[in-house]
Amino acid sequence: MSDSSGVMVFAEQTEGKVHPVVHELLGKGREMADELGVELSAVLLGSNVDNAAQELVYRGADTVYLCDDEALAAFDIMNYRKNVLAIAQEVRPEILLLGATPIGRSLGPRIAAALGTGLTADCTTLEIDEHHHLVQIRPAFSGNILAHIKTETRPQMATVRYKIMQALERDCTRTGRIIRTDVLLEDPLAVLAKLPAEDEQKQGLSEAEIVVCGGRGLKKPEDIALLHDLAQAVGGVVGCSKPLVDEGWLDKEHLVGFSGNTVRPRLYFAIGVSGSSQHLIGMRAADTIVAINSDPTAPIFEVADYGMVGNLYDLVPRLTAAVKKMREADDTAIPVCA
Ligand SMILES: Cc1cc2nc3c(=O)[nH]c(=O)nc-3n(C[C@H](O)[C@H](O)[C@H](O)COP(=O)(O)OP(=O)(O)OC[C@H]3O[C@@H](n4cnc5c(N)ncnc54)[C@H](O)[C@@H]3O)c2cc1C
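Sequence order as written defines the numbering, with residues in each chain counted from 1. Predicted model: local features are reported for residues with pLDDT of at least 70 only, side-chain atom pairs are reported and counted for 80 or more only, and whole-chain, interface and lining totals are derived from all residues. Side-chain descriptors were evaluated using all non-hydrogen atoms of the structure, hydrogens and water having been removed beforehand.

1. Describing the pairing of strand β6 (residues 95-99)
Right, on to step 1. Here the term buried applies to any residue with accessible area under 20% of the maximum for its type, exposed to any over 50%, and partly exposed to those in between, with areas from a 1.4 Å probe on protein chains only. Each helix is a run of H or I in the DSSP string that is no shorter than four residues. Each strand is a run of E no shorter than two, and both are numbered from the N terminus. Burial analysis of β6 places five of its five residues in the buried class, which makes it a mostly covered element.
Right, on to step 2. Judged by which residues are buried, β6 turns out to be covered on both faces: I95, L97 and G99 on one side and L96 and L98 on the other are all buried.
Right, on to step 3. Summarising the sheet, strand β1 (residues 7-11) and β6 pair through three bridges and their orientation is parallel. For V7, the partnering residue across the bridge sits in β6 and is I95.
Right, on to step 4. When β6 meets strand β11 (residues 156-160), the two strands line up parallel, connected through five bridges. Bridging from a neighbouring strand, G99 pairs with V160 of β11. Any two strands are treated as partners once DSSP identifies two or more bridges connecting them.

2. A word on the nonpolar core
Right, on to step 1. Core analysis: the biggest nonpolar cluster contains 32 residues, and L44, L56 and L126 have the highest contact counts within it.
Right, on to step 2. Listing elements by their share of this core, those giving two or more residues are β1, α1 (20-36), β4 (40-46), α2 (50-58), β5 (63-68), β6, β8 (125-128) and β11.
Right, on to step 3. A per-element tally of this core places α1 first, with seven residues.
Right, on to step 4. Those residues in contact with L56, other than ones at most four positions away along the chain, are A11, V18, V22, L26, A42, L44, A61 and V64. Residues grouped as a nonpolar core are buried Ala, Val, Leu, Ile, Met, Phe, Trp, Tyr and Cys residues, joined through side-chain atoms within 4.5 Å. In this description, contact between two residues means that some pair of their heavy atoms is separated by no more than 4.5 Å.

3. Thoughts on the site of the ligand
Right, on to step 1. Proximity criterion: a residue is near a molecule or strand once any of its heavy atoms comes within 4 Å of it. Looking at the ligand, there are 26 residues lining it, with R216, S241, S259, S274 and N293 nearest.
Right, on to step 2. A distance of 3.1 Å separates an oxygen atom of the ligand from a polar backbone atom of K242.
Right, on to step 3. Whenever two N or O atoms come within 3.5 Å, that pair is a polar contact, provided that in protein one can donate a hydrogen and the other can accept it, and provided that, for residues adjacent in sequence, both atoms are side-chain atoms. Taking F258, its main chain carries an N or O atom lying 3.0 Å from an oxygen atom of the ligand.
Right, on to step 4. Those elements that provide at least two residues to the shell around the ligand are α6 (242-246), α7 (277-280) and α9 (312-329).
Right, on to step 5. Throughout, the ten residues Ala, Val, Leu, Ile, Met, Phe, Trp, Tyr, Cys and Pro are labelled nonpolar, Asp, Glu, Lys and Arg are labelled charged, and all others, Gly among them, are labelled polar. Among the residues making up the shell around the ligand, the classes are represented as seven nonpolar, 15 polar and four charged.

4. Topic: the sheet that holds strand β14 (residues 237-240)
Right, on to step 1. Overall, parallel pairing links the five strands, which are arranged β14-β13-β15-β16-β17 in an open sheet. The open sheet has two edge strands with one neighbour each: β14 and β17 (306-309). Looking at each pair of strands side by side, their axes are set apart by 15° on average, direction ignored.
Right, on to step 2. Both strand β16 (residues 288-293) and β17 contribute to a ladder of four bridges, which runs parallel. The angle between two axes is taken between their N-to-C directions and runs from 0 to 180 degrees, where each axis is a line fitted to C-alpha atoms and a helix contributes only its stretch in contact.

5. A closer look at the pairing of β11
Right, on to step 1. Within β11, five of the five residues are buried, which leaves it mostly tucked inside the rest of the structure.
Right, on to step 2. Of the two faces of β11, the one holding Q156, A158 and V160 and the one holding M157 and T159 are both buried throughout.

6. Quick word on the packing of helix α3 (residues 77-91) against helix α4 (residues 102-115)
Right, on to step 1. Running from N to C, α3 and α4 cross one another at 50°; their axes reach a closest spacing of 10 Å. In terms of orientation, α3 and α4 fall into the oblique class. Seen along the crossing, α3 lies across α4 with a hand that is right-handed. On the side of α3, the interface is formed by I77, Y80, R81, V84, L85, A88 and Q89, while α4 contributes S106, L107, R110, I111, A114 and L115.
Right, on to step 2. The residue makeup of the contact of α3 with α4, split by class, is nine nonpolar, two polar and two charged. Note on terminology: angles under 35 degrees are roughly parallel, angles over 145 are roughly antiparallel, angles of 65 to 115 are roughly perpendicular, and the others are oblique. Rotating anticlockwise by less than a right angle from the far helix to the near helix defines a left-handed crossing, while the corresponding clockwise rotation defines a right-handed one.

7. Quick notes on the environment of D287
Right, on to step 1. Structurally, D287 can be placed in the loop between α7 and β16.
Right, on to step 2. Residues D287 and R266, spaced 21 residues apart in sequence, show a C-alpha to C-alpha distance of 4.7 Å.
Right, on to step 3. Residues contacting D287, with those up to four places away along its chain left out, are R110, P265, R266 and D305.

In structure tokens:
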């Protein structure tokens, strides 16, 4: 806690244009950094975003950490998480702020979980108390009270709603440092991780690091074999949605959701699962969710990190074959996803 210092703002951009909430966060961040006597930094990821980086200095940042790569042009949860996390671990800010936008809401909790710290979502006010702790204020209990929240761990993380904080006037005479950082890119297959040995498949569903879950997209009981094949290839455990238990195709011990198991694996395959609220409650905390569904509007895609729209009877055997081939090529050199 004592070696953390500085206020950091995640500067989200789309097509090179920084979201206005970032200017507001820099305005509030400047005020708090001055009060604490520390530096205000911004983290910007994108492609050819030098002008945007300079703009962040004009808007109040002392330092901009810039990750510039084509692969970062558009928001990609795995690559953004990896780079923002690496910078936060290196710089060790005491406060880390994100906009309460779809991107900020997706990225913030993943960074917080990886750093082992807390995050207060949708703050409407931020203050520094007499002990230099961040007081994160947000409505709670249907807006009937204003909760004042403090985080004991560092960084103290918050997402802040748009149009709440005051942006600073743009000042072109302001100077600051722009530091280019090494770009880290995630290999999508790396989330398959260092595949566990086959005897690890005996683990229970709740403890499993990889879960292969099937839903009503499967048409016949024999098709459960598709799940077992993929689970065996990746060293995972088979789970299912409720209709498969109701049909008697799998025992209740495989059920994921409200009426069954809550799982939190590193990797969760949702295959032919629509994503009902009763199912999501049992698996949405998974680190990485891969959804396979023929319906592009299926709710499961709203929580998935990776989505494959198509027929599971075509996609699952191909995925299983690709994983087996990868293992055969080298089953020790597959990098673990941090
Ligand atoms: C009190 C209560 C408790 C419940 N508890 C649970 C629970 O613990 N767990 C749980 O899972 N459910 C639970 N449910 C049931 C829940 O409401 C849903 O009905 C259930 O989750 C739906 O399962 P599903 O996604 O497999 O099926 P569906 O909603 O029917 O979805 C099937 C999906 O498969 C896709 N699909 C179809 N064919 C293919 C194909 N060939 N290739 C690719 N995709 C295809 C479809 O597009 C669809 O999105 C509960 C319900 C209640 C009322």
